Amino acid sequence: MANREYYDVIIIGGGPAGLSAAIYALRASMRTVLIEKASAGGQITLTDDVENYPGFKNINGYDLSEKFLDHAKSYNLEVLSREATVLEPGLDWHTVQLNGDERLKSHAVILASGGLPRKLNIPGEDEFYGKGVSYCAVCDGFFFRNKIVVAVGGGDTAVEEALYLSKLAQKVHLVHRRDALRASMILQQRLRADKKIEILWDTIVTAIKSHLGEVSAVDLQNTQTEETRELATDGSLSVLASTRTINWFPRAPKLIPTGMCAPMRSVKPIFPACSRSEI
Ligand SMILES: Cc1cc2nc3c(=O)[nH]c(=O)nc-3n(C[C@H](O)[C@H](O)[C@H](O)COP(=O)(O)OP(=O)(O)OC[C@H]3O[C@@H](n4cnc5c(N)ncnc54)[C@H](O)[C@@H]3O)c2cc1C
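Because the structure is a prediction, the values reported are computed rather than measured.

Some details on the packing of helix α4 (residues 156-166) against helix α5 (residues 185-193)
Any two packed helices are characterised by how steeply their axes cross, that is the angle between the axes, and by the distance between the axes.
Okay, step 1: At a minimum axis separation of 10 Å, α4 and α5 run at an interaxial angle of 35°. Read as a crossing pair, α4 and α5 show a hand that is left-handed. Together, Asp 156, Val 159, Glu 160, Ala 162 and Leu 163 of α4 and Leu 187, Gln 188, Arg 190 and Leu 191 of α5 make up the contact between the two elements.
Okay, step 2: Its residues assigned to classes, the contact of α4 with α5 comprises five nonpolar, one polar and three charged.

Quick notes on the sheet that holds strand β13 (residues 214-222)
Okay, step 1: Spatially, the three strands line up as an open sheet ordered β12-β13-β14, and their pairing is antiparallel. Either end of the sheet is taken by a strand with one partner, and the two such strands are β12 (203-211) and β14 (228-232). Between one strand axis and the next, the sheet turns by 25° as a mean value, whatever way the strands run.

Thoughts on the site of the ligand
Okay, step 1: Around the ligand sit 33 residues in total, of which Gly 13, Gly 15, Ala 17, Gly 42 and Gly 114 are the nearest.
Okay, step 2: Secondary-structure elements contributing two or more residues to the shell around the ligand are α1 (16-27) and α4.
Okay, step 3: In terms of residues, the shell around the ligand owes the most to one element, α1, which gives three residues.
Okay, step 4: Partitioning the shell around the ligand into residue classes produces 14 nonpolar, 14 polar and five charged.
Okay, step 5: Mapping the shell around the ligand onto the domain boundaries places at least three of its residues in each of domain 1 (5-116 + 242-272) and domain 2 (119-238).

Things to note about the pairing of strand β6 (residues 103-111)
Okay, step 1: For strand β5 (residues 94-98) and β6, the ladder comprises four bridges, and the chain directions are antiparallel. The residue bridging Gln 97 from the neighbouring strand is Arg 103, located in β6.
Okay, step 2: Taking the residues that link successive antiparallel strands as the turn, the β5-β6 hairpin has four residues, and the phi of Gly 100 there is positive, at about 95°.

Looking at the pairing of strand β2 (residues 32-35)
Okay, step 1: Both faces of β2 are covered, namely the face carrying Thr 32 and Leu 34 and the face carrying Val 33 and Ile 35.
Okay, step 2: As defined by bridge partners, β2 adjoins strand β3 (residues 78-80) across three bridges and the pair is classed as parallel. Following the sheet pairing, Leu 34 is matched in β3 by Val 79.
Okay, step 3: With helix α2 (residues 61-73) bridging β2 and the parallel β3, this β-α-β connection has right-handed handedness.

A short note on the nonpolar core
Okay, step 1: Counting residues in hydrophobic clusters, the biggest one holds 27 residues, and the most contacted among them are Ile 10, Ile 11, Ile 12, Ala 22 and Ile 110.
Okay, step 2: Secondary structure elements with two or more residues in this core: β1 (3-12), α1, β2, α2, β4 (84-88) and β6.
Okay, step 3: Per-element tally for this core: the top contributor is α1, with six residues.
Okay, step 4: Ranked by size, the runner-up nonpolar core spans 26 residues in total, among them Ala 137, Val 152, Val 172 and Val 215.

Considerations on the confidence of the model for the chain
Okay, step 1: For the chain, per-residue confidence averages 84 on the pLDDT scale, and 82% of positions sit at 70 or higher.
Okay, step 2: Counting contacts from residues 240-244, a segment whose pLDDT is below 50, to residues more than four positions away or on other chains yields 21 contacts.
Okay, step 3: Contacts from residues 275-279, a stretch scored under 50 in pLDDT, to residues over four places away or in other chains number nine contacts.

Remarks on unusual backbone geometry
Okay, step 1: Phi angles above zero are rare outside glycine, and Asn 146 is one such case at about 60°.
Okay, step 2: Of note, Asn 146 is situated in the loop between α3 (137-140) and β9 (148-152).
Okay, step 3: Positive phi values are uncommon outside glycine, yet Asp 202 reaches one of about 50°.

The rules behind each value
- Residues numbered from 1 in each chain as written.
- Predicted model: local features only at pLDDT ≥ 70, side-chain atom pairs only at ≥ 80, totals over all residues.
- Axes fitted to C-alpha atoms, helices over the stretch in contact; angles between N-to-C directions.
- Helix = DSSP H or I, 4+ residues; strand = E, 2+ residues; numbered from the N terminus.
- Left-handed = near helix turned anticlockwise from the far one by under 90°.
- Contact = placed C-beta atoms within 7 Å.
- Nonpolar A, V, L, I, M, F, W, Y, C, P; charged D, E, K, R; others polar.
- Pairing = 2+ DSSP bridges.
- Near = placed C-beta within 6 Å.
- Domains from an automatic or database assignment.
- Buried ≥ 20, exposed ≤ 12 C-beta atoms within 10 Å, placed from the backbone.
- Right-handed = clockwise from strand over helix to strand, strands pointing away.
- Core = buried A, V, L, I, M, F, W, Y, C linked by C-beta atoms within 7 Å.
- pLDDT = per-residue confidence, 0-100.

Next up, the structure:
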């Protein structure tokens, strides 16, 4: 295995957190490399409308990520299109192994590897993933045009996705296990004004059912009364929230109960990048 390069900072992940970190590191004249396994920009590329980024009243997520990347590249950011597979913490040098067995070394590592959708873990979910079950309305909303869809969750992501879906679907049932939403107030107001969205409070989805190979219904259970019922649907969208993708790191940063990361105080130069009310 060849030791390719030595850096001051290795950044793993090219989403908003990784690109922001890169801008700061390069402006501090640190020798920096950013590792990105897919295309730079991360999850924000999946949304049509970003409305909470100062300076832009409304901007397409992909366009915003291009601006992040252009900004970082204006400081000559080196981007490697590879996957980081192993991180070995060291005293002087940390080692990051890439797919293909290449190794990079650095004094500091910034973990900005982002999140994955949180699954419901119910019967039918894996079986119908990509065939009626989706975790991204912007990516798959087209397939739900004029259909009756179930969306799950009560946070910003779930509500944004339900609002996006309602532009395409015939009807959206938003299933939420509690009697109040966690989503920001402006999103809740839009949700309540949307005639195509019905909120099913105190309810969980317990199974996704099919007929002739297509999603046809979900089983619901009321969390207060435990009453069960079947709801006819053409598709289901699980948009609860996301969990961090840092399982590949041997001494992973401590996760708090929501699955988000906490800073590593014992290993100073390894920084998990945490965004959006995670800690
Ligand atoms: C549909 C949708 C709509 C959203 N809308 C908004 C919004 O309007 N406003 C808002 O503030 N936020 C919004 N968000 C949330 C926002 O996108 C995230 O908070 C943000 O992208 C998190 O940035 P990040 O850099 O931490 O992680 P991510 O964006 O997840 O980026 C992580 C990157 O790391 C890469 N990676 C992972 N593991 C490895 C590895 N081992 N090796 C190399 N690369 C790796 C991934 O490919 C990815 O590109 C939305 C999210 C979604 C999904």
